[in-house]
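# Close look at the chain arrangement
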Amino acid sequence: MEHVTAGNSFAALAYLVAGVCFILALRGLSSPATSQQGNRFGMIGMAIAVVTTLVTHVPMQAVGLVLEGPQGTVAATGPLFERIDLIAVLEILAAIGVGALIGITIARRIAMTAMPQLVAAFHSLVGLAAVLVAVAAYLNPMAFGIAQMVIPMIGDPFAVINPVSKVEMGLGAAIGAITFSGSVIAFLKLNGNMSGKPILLPGRHAINLAVLATILLLVAQFAHSQDAWPFWTLLVLSFVIGFLLIVPIGGADMPVVVSMLNSYSGWAAAAMGFTLHNTAMIITGALVGSSGAILSYIMCRAMNRSFLSVIAGGFGAEAASGGGEAKEQRPWKRGSADDAAFLMQQAEQVIIVPGYGMAVAQAQHVLREMTDKLKEHGVRVKFAIHPVAGRMPGHMNVLLAEANVPYDEVFELEDINSEFAQTDVAFVIGANDVTNPAAKTDKSSPIYGMPVLDVEKAKTVLFVKRSMGGVGYAGVDNDVFYMDNTMMLLADAKKMVEEIVKALD
């Protein structure tokens, strides 16, 4: 059983402070320059929330007062009292310790290139946690304080869950299950365990709408009757719809999917916060849910897409029939590190466009070294970042910040796109889809309508790529490869940049 050992006013104040820290964390994370400070605020807020929950909800156990009777028998006298359940406390601390150990190990070992799939995996855990809390609350509602015990004239006593709590429980379980199964599919696609191409099921739109409508009806039925079958059925259907929603979405839409699942996980946490009567969970869930929704909207605008069109199918649906294979038979020019070094050394301005290829090769540090060499030769260097480069919003910004690239040299698409026409060299390092002019000209292309960086307008385009046989995550070829002003630098990104640095010396 639970026993509140501190005043509600203390908990409310502490949760309020934690909420302010979370808001400051989001504000800090909005810019690479303040991201470290934002992370610190987030850690402080989470520490306050966890400690407050532990000290204000201490596990207690009931104990009887027993005395030795005059005839040598043991008799219970006096009222029951409570003491701290040390075993339960140790179990909680052990669980926190195990979770902390796993988190530290992952944080130390994970590569930045695997960050998108790691985020998807974390979202799945949040969704699963919401499901488990909902199941626990349903099986033992009295422990959560969401039910009243009814003693009938005939029959055994039973707990009646509050109607509002049943709605919160049903919606939280549904959103959590959708988040879990959807995040698992997103992880498999981002990690390469599953094809990034969309898997289009016949009649998928009608199926999805029917399943979603059924889930809402089951939530209403559960709130009305408290029967077991609506709860377990809506849970199973929610797992299924999470799978059905993400499977048809193509690889180029994964940044939107990641932020969308982030939003889902927040709303699931907020719903469970109401079930647990935990203000911190409500605040945190609402912040994560709303910020994820806003980020999804920003990502959709960046790709000139509507949120509904992403959920309905996503980029890449026509990739298989719209030119998914690289056209190696078309003429193209191959260059060397010496050629690249000479061209950039003679330039007045070089714009570098980093992409997922740079992240895979971990070339950001040597790229920073190359920019330092170019500056020594009087070359003006800028970085152009597409909002969805690297399969996750902000991925490239984080990598460049890790390599200590000055923030005033990094520009977003809308701020730098007009400069390519006056630029001597556009140095593209592993950014395929976000530089593909087919998005502007080819209505049959699966990426048509997505704003892209106008690298082809530069006097010379140096395109670093492993081979001509590969295509971007959207599964389409890039016409920039075959333009007269393009020179292909075919090699591992890090190795190629290292050779360019040597040539600059």
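Scope of this entry: the structure provided in the associated data block. The model shown is predicted, which means the values in this text are computed figures rather than measured ones. (Residues numbered from 1 in each chain as written. Predicted model: local features only at pLDDT ≥ 70, side-chain atom pairs only at ≥ 80, totals over all residues. Heavy atoms only, no water.)

### Description of the overall build of the protein
Scanning the protein from terminus to terminus reveals 17 helices and 13 strands. Counting every position in the protein, which comprises 505 residues, the buried fraction comes to 47%. For the protein, the proportion of contacts with a sequence separation of at least 24, taken over those separated by at least 6, is 75%. Surface accessibility of the protein: about 24,000 Å² in total, with carbon and sulfur atoms responsible for 64%. (Helix = DSSP H or I, 4+ residues; strand = E, 2+ residues; numbered from the N terminus. Buried < 20%, exposed > 50% of the residue type's maximum accessible area, 1.4 Å probe, protein only. Contact = heavy atoms within 4.5 Å. Areas by Shrake-Rupley, 256 points an atom, 1.4 Å probe, with all protein chains shown as cover.)

### As for the pattern of salt bridges
Enumeration according to the criterion identifies nine salt bridges in this entry. Residue Arg368 is joined to Asp372 by a salt bridge in which the shortest nitrogen-to-oxygen separation is 3.1 Å. Taken together, the residues Arg368 and Asp372, both in helix α13 (residues 364-376) and four residues apart, mark about one turn of the helix. On the basis of relative accessible area, Arg368 is assigned to the partly exposed category, the value being 22%. Between Asp505 and Lys373 there is a salt bridge, with the nearest N and O atoms lying 2.8 Å from each other. Placement of Asp505 in the segment after α17 (493-504) and of Lys373 in helix α13 is noted, with a sequence separation of 132 residues between them. Take Asp505: its relative accessible area is 64%, and that puts it in the exposed class. Put simply, Lys440, Asp454, Glu456 and Lys457 are held in one network by salt bridges that share partners. (Salt bridge = Lys/Arg side-chain N within 4 Å of Asp/Glu carboxyl O.)

### Notes on the environment of Gln346
Relative to the helices and strands, Gln346 is located in the loop between α11 (337-345) and β8 (349-354). Considered as a pair, Gln346 and Val379 are 33 residues apart in the sequence and their alpha carbons are 7.9 Å apart.

### Some words on the side chain of Asn208
Examined against the element boundaries, Asn208 turns out to sit in helix α6 (residues 204-225). Ignoring anything within four residues of it in the chain, the contact list for Asn208 reads Ile241, Leu244 and Leu245.

### A look at α17
With 12 residues, α17 should cover 16 Å at 1.5 Å per step; its first-to-last C-alpha distance of 17 Å lies within 8% of that length. Looking at the buried positions of α17, the neighbouring elements they touch are α11, α12 (356-361), α13, β11 (425-429), β12 (460-465) and β13 (486-490). Near the N-terminus of α17, the side chain that reaches the backbone nitrogen of Lys494, with its oxygen 3.1 Å away, is that of Asp492. (Expected span 1.5 Å × (residues − 1). Polar contact = N/O pair within 3.5 Å; in protein donor to acceptor, adjacent residues only side chain to side chain.)

### Things to note about helix α5 (residues 163-190)
Between its first and last C-alpha, α5 extends 40 Å over 28 residues, near the 40 Å set by a 1.5 Å rise per residue. A positive backbone phi angle near 85 degrees is found at Gly192, which sits one or two residues after α5.

### As for the side chain of Glu456
You can see Glu456 is positioned in the loop between α16 (438-441) and β12. Engagement of the side chain of Glu456 in a polar contact is seen with the side chain of Lys440, the distance being 2.6 Å. When near neighbours in sequence (up to four residues on either side) are disregarded, Glu456 contacts Pro437, Lys440, Val461, Val480, Met483 and Asn485.

### Quick word on the packing of aromatic side chains
For the structure shown, the criterion picks out eight aromatic pairs. An angle of 20 degrees between the planes, with centres 4.7 Å apart, marks the rings of Tyr138 and Phe231 as stacked. Of the two residues, Tyr138 is situated in helix α4 (residues 115-139) and Phe231 in helix α7 (residues 228-246); the sequence distance between them amounts to 93 residues. Pair check on accessibility: Tyr138 and Phe231 agree, each one buried. Both rings, one in Phe222 and one in Phe231, keep their centres 5.3 Å apart while their planes meet at 40 degrees; by these two values the pair is tilted. Taken individually, Phe222 and Phe231 each receive the classification buried, so the pair is uniform in this respect. (Phe/Tyr/Trp six-rings, centres within 6.5 Å; stacked < 30°, edge-to-face > 60°.)

### Some details on the sheet that holds β11
The strand order across the open sheet formed by six strands is β10-β9-β8-β11-β12-β13, and the pairing between neighbours is parallel. A single partner strand is all that each edge strand has here, and the edge strands are β10 (410-412) and β13. On average, each strand axis in the sheet is inclined to that of its neighbour by 25 degrees, with strand direction left out of account. Taken together, the three bridges between strand β9 (residues 380-385) and β10 define a ladder with parallel strand orientation. Of the residues in β10, the one forming a bridge with Ile385 is Glu412. The sheet strands contacting helix α14 (residues 395-402) are β8, β9 and β10, and the helix crosses β9 at an angle near 145 degrees. (Pairing = 2+ DSSP bridges. Axes fitted to C-alpha atoms, helices over the stretch in contact; angles between N-to-C directions.)

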